[in-house]
Each structure stands twice: as structure tokens, then as C-alpha cells.
Amino acid sequence: MTQLKNKHFVLGLSGGIACYKAAELCRALIKEGASVQVVMSEGATQFITPVTMQALSGRPVYISQWDTRESNNMAHINLSREADAILIAPASADFVAKLLHGRADDLLSLMCLARPIEQVPLIVAPAMNREMWANPATQRNFAQLLADGAHVLEVGAGDQACGEVGDGRMLEPDQILEALRAYFTEKVLDGKRVLITAGPTYEAIDPVRGITNLSSGKMGFALARACRRAGALVTLISGPVALATPDGVSRVSVISAQQMYEQTLAHVLDSDVFIATAAVADWRVHSAGEQKIKKSIDQPVPQLNLVENQDILKTVAKSPRALSGELYCVGFAAESENLEQLAVAKRASKGVPLLVANVGPQTFGLDENALLLVDEAGTRQLAWASKDDLSAELVRELAARLAK
Ligand code: CTP
């Protein structure tokens, strides 16, 4: 993933139990190719040591505005000028209250106040007890912080360190990372409503057996994340897969091709883009057994009577909204050979402006893929890369076509 590569973050920790998550966050940022300068409040040092944060960030930690290591003795100026963003995680209720009043009685608050507002965004990840979070004073403070131009991340819900249960937990490091990736992604699909089908379908033979395929859903889920990062409102209709729903994406889980067909037709009515990445079963068993089919030496081997499933993409592509250009349809093709030739033919038979072809057996279950884009102008190869990077490129291709 490239969004955070070579970005420089000042990671500010204010005092709260969620400081332990900041260690993991720091590590994850570095793993993504970012650099991190940690600044801690005195309170934060009660929860996690500067030694830990120094080891993880690979840089000495700053705590005091009187730090003599800076030759001009102005850590608050120097640190904030270098940053692509200041990320406060955790942001305690008290620290936010301080920010709002423009107070600057320690290095962290002083640095936030001294940052060039136009160039250095302030991103805050709130973390506190549910009563503190719900308190009108806190809500008022965060509303004002937003109005002052900060980017406030959501809070998580669930068990809290104090034993209570509710809203106010700091997001998990991977959720913060995802929010940062979205923050640094150009909003080329801003406000577009995108519907995506993903994963395999499962066609029952009886209550314990069925017909399915090797699709993992990873390409469709990566595409859902990429569209979301680019500002789209994404609905993901997924067959049975073992993948977490991407943050900010609305998911509809289905099992069979028939269910995927029904859900797609229901949701596509208010979509601007339809992307069919799902590996939909072409056939289903005519009448699936209600009881488990038993094997018996007296009975012949059961014969499956297969009937064809509806072609979801073809149906949507010939709907009036698709034909008028109000709805842009993208098909996928999973082939095992003759990729270009079959993809060109499939694009024509499905009636879609853009078809994305891949060699199924080469990519099923993997985090990488190679894609061949086919449209009326010809073909374009996207070389073997992570499904995340390919999705980001596909989103740019899509946005360029929507802008025409
Ligand atoms: N598709 C669909 N509904 C189906 C079958 C396929 O929406 N019943 C969509 C897929 O999501 C994909 C495209 O059609 O976007 C092509 O799917 P693929 O499985 O590659 O091809 P098929 O149409 O099934 O044709 P074949 O199996 O003969 O290659």
C-alpha cells in the first residue's frame, strides 16, 4: 500500500490507557514506510515509557518544551514544520479541552498550537471512558475541534479498561491506519454510490453439501476499500468468505447466486457504479434435498439436475439506467487461459464498457494479482501487484471514465 509511504507523522500521545495501542500503531506506520516522531505528554509517560516509543520509532522521544537537544531550543516549531500530519493517539478529554482553548503549557499542546494550520493537518483519535465521552462538555469540545479544522476519528465501542461497556475506546491500530490511508487518498469518487459483488456463491445440494468455487473475495474486498478511501459510499454484496467487512463499507451477506441476484437488483437502483467481482456459480441444483442425501449400496449414485443461474452482470448491464449511462458497469472475468481473447469476447457478451480480466487459478486466495483492463479503446495490463495497489489503480481508471 502506498498512501502512507514516505509520509512523516508526529505521533502525539496524551495520557490514557490507550497509550498501549500507540506502540502498535507506531510500529504499523513504520511498516507502511512512514517515519514517526513521537511526542508525549507527561501524563502519557505514566502509561507507556518513552523507551518503548523510542525503540519502535527509531527516534528519541520529545516530552518537554525545555528540551535542550534542539539547537534553537524550539522543538515545538521544528517538529511541527517537518510533519505531513500530527496524529494525536490517544487524544484524552483533557488534552482536547486544552487544544480548544489554545493552551500551550506543555510541548504537545504547544506544538499543536504552533503548527501551520494550512499545511499540517491535525488528526485526533479520541480515547476515554464512556461517561467522559458522552459528557456534553466533551461533545462540545470535539464539535469545536472539528469546526477549527481538525480531523476527528471515530471512537470504538465495547469493553473499557475501567470495566464499563460503551463508546469511547480508541480505534484499534489497524483501523487508525485505514483512516489515515483514506485521509491521504484523493477523493476521486467523492459521493459516488458504488455497488460491488464479491466472493463465491454456494449452491446447496442438500443441508450439508454444496457447490462452490475457489474465490476468496479478496479482490472485491480490496476494491471496496479502495472505493471507500476515494470517497465513495460503498455497498458490498458478498458470498460466503472469511474476510472482515472493510471500515465504512455497508455489507450484505448472501449465500447463493439467487440471493446475490435479488440483493443486487434491490441495491443497484440507487447506485452510480456496479462492479461485479463475484465468482457467481453458473448452475444450481434444481431441487436441493431437504434432508441429507444418504449413500446406500441399494441406491444408484445421485445425479445432480443442474439449472442455470441468472446472469447478474448481464441483467444489470442491460437495465435502462445502465444503457442510458446513468449506471456505469464493470465486469470481471476469471479465466484459466487465452486471457485477452476471452476477455474481449466476454466484455462484448456482457455488454459492459469495462471488463477486468485475471487468471483465476493464479490468484485465488492470494493477496496479489495481475489484471488486464479491456474497454472500447483496447487493453491495458496492470502488472502483478498487491490487490490493494491494483484496486487503487482501478479506482483511478474508473474515475477517469466517469469524468468523461
Ligand atoms: N457474473 C454474474 N452472474 C453470473 C455469472 C457471472 O454477475 N451468473 C459476472 C461475474 O461477477 C463477472 C462476470 O460476470 O463479473 C464474468 O464471470 P465469469 O465467471 O468469468 O464468466 P461467466 O459469465 O460465468 O462465463 P464462463 O464461466 O463461461 O467463463
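You'll find the structure just up there.
Please clarify how the overall build of the chain should be interpreted in this entry.
Helices and strands together make up the secondary structure of the chain, namely 15 helices and 19 strands. Oriented by its inertia axes, the alpha-carbon framework of the chain measures out at about 85 × 55 × 40 Å. A buried classification covers 49% of the 404 residues belonging to the chain. Partitioning the intrachain contacts of the chain with sequence separation of at least 6 by distance along the chain shows that 66% fall at a separation of at least 24.

I'm lost on the site of the ligand in this one. Help?
Lining the immediate surroundings of the ligand are 14 residues, of which Ala 276, Ala 278, Asp 282, Lys 346 and Lys 350 lie closest. Asp 282 is positioned with one of its side-chain polar atoms (N or O) 2.8 Å from an oxygen atom of the ligand. Backbone polar atom of Phe 332 to an oxygen atom of the ligand: 2.9 Å apart, as the coordinates give it. Its free accessible area being 570 Å², the ligand has 78% of it covered by the protein chains. In terms of residue count, strand β16 (residues 328-335) provides more of the shell around the ligand than any other element does, 4 residues in total. Of the residues that constitute the shell around the ligand, the class distribution is 8 nonpolar, 2 polar and 4 charged.

Looking at this model, I keep getting lost on the pattern of salt bridges. Mind explaining?
Proximity of charged atoms lets side chains of opposite charge pair with each other. Applying the stated criterion across every chain yields a total of 25 salt bridges. Between Lys 350 and Asp 311 there is a salt bridge; the shortest N-O distance is 2.5 Å. Here Lys 350, found in helix α13 (residues 339-350), pairs with Asp 311, found in the loop between β15 (306-308) and α11 (312-317); they are 39 residues apart in sequence, far enough to count as distant. Given a relative accessible area of 18%, Lys 350 falls into the buried group. Overall, the relative accessible area of 27% leaves Asp 311 in the partly exposed class. Members of the salt-bridge network, linked through shared partners, are Glu 32, Glu 178, Arg 181, Arg 225, Arg 229 and Asp 388.

For this particular structure, what's the right way to read the environment of Lys 21?
For Lys 21, the position within the fold is in helix α1 (residues 19-31). For the pair Lys 21 and Leu 171, spaced 150 residues apart in the sequence, the C-alpha separation amounts to 8.9 Å. Setting aside its immediate chain neighbours within four residues, Lys 21 contacts Arg 169, Met 170, Leu 171, Glu 172 and Pro 173. Here the side chain of Lys 21 touches Glu 172 through a polar contact of 3.0 Å, side chain to side chain.

Could you clarify how one ought to interpret the sheet that holds strand β4 (residues 122-126) in this entry?
Think of a sheet as strands paired side by side through backbone hydrogen bonds, with each pair either parallel or antiparallel. Read across the sheet, 5 strands follow the order β2-β1-β3-β4-β5 without closing on themselves; strand pairing throughout is parallel. The sheet is open, and its two borders are formed by β2 (35-40) and β5 (151-152), each paired with just one other strand. The pairing of strand β3 (residues 85-91) with β4 spans 4 bridges and is parallel. The partner of Leu 87 across the bridge, within β4, is Ile 123.

What's the story with the nonpolar core in this structure? I'm lost.
One recurring pattern in soluble globular proteins: nonpolar side chains tend to sit buried together. Counting residues in each nonpolar core, the largest one holds 32 residues, and the members touching the most others are Leu 11, Leu 13, Leu 29, Val 38, Met 53, Leu 87 and Ile 176. Counting residues per element, the ones that place at least two in this core are β1 (8-13), α1, β2, β3, β4 and α8 (173-183). With 7 residues, α1 is the single largest residue contributor to this core. Sequence-distant contacts of Leu 11, that is, excluding residues within four places in its chain, are made with Ala 22, Leu 25, Cys 26, Val 36, Gln 37, Val 38, Val 39, Met 53, Leu 87 and Ala 89. In this structure, Val 234, Val 249, Val 356 and Leu 398 belong to the second largest nonpolar core, which totals 31 residues.

Before we go on, may I ask you to explain unusual backbone geometry in this structure?
Negative phi is the rule for most residues except glycine; trans is the rule for most peptide bonds. For the peptide bond that leads from Ala 89 to Pro 90, omega is 5°, which places it in the cis range. Relative to the elements of secondary structure, Pro 90 occurs in strand β3. Despite not being glycine, Asn 6 shows a phi value in the positive range, around 65°. One can find Asn 6 in the segment before β1. Phi at Asn 338 is positive, roughly 40°, even though this residue is not glycine. Structurally, Asn 338 can be placed in the loop between β16 and α13.

Explanation requested: helix α3 (residues 75-82) in the structure shown.
Taken together, the buried positions of α3 are occupied by Ala 75, His 76, Asn 78, Leu 79 and Ser 80. Tucked inside the fold, the buried residues of α3 contact β1, β2, β3 and α5 (107-114).

What is the right way to read the pairing of strand β11 (residues 233-238) from this model?
Each regular strand carries side chains that alternate between the two faces of the sheet. In terms of residue burial, β11 counts as a mostly covered element, since 5 of its 6 residues are buried. Bridge count for strand β8 (residues 193-198) against β11 is 6 bridges, and the pairing is parallel. Opposite Thr 197, over in β11, you have Ile 237 as the bridge partner. Across 4 bridges, the pairing between β11 and strand β12 (residues 250-253) is parallel. Counterpart to Leu 236 in the pairing with β12 is Arg 251.

So, how was this worked out
Residues numbered from 1 in each chain as written. Predicted model: local features only at pLDDT ≥ 70, side-chain atom pairs only at ≥ 80, totals over all residues. Heavy atoms only, no water. Helix = DSSP H or I, 4+ residues; strand = E, 2+ residues; numbered from the N terminus. Buried < 20%, exposed > 50% of the residue type's maximum accessible area, 1.4 Å probe, protein only. Contact = heavy atoms within 4.5 Å. Near = heavy atom within 4 Å. Polar contact = N/O pair within 3.5 Å; in protein donor to acceptor, adjacent residues only side chain to side chain. Areas by Shrake-Rupley, 256 points an atom, 1.4 Å probe, with all protein chains shown as cover. Nonpolar A, V, L, I, M, F, W, Y, C, P; charged D, E, K, R; others polar. Salt bridge = Lys/Arg side-chain N within 4 Å of Asp/Glu carboxyl O. Pairing = 2+ DSSP bridges. Core = buried A, V, L, I, M, F, W, Y, C linked by side-chain atoms within 4.5 Å.

Honestly, it's all geometry; don't read function into it.
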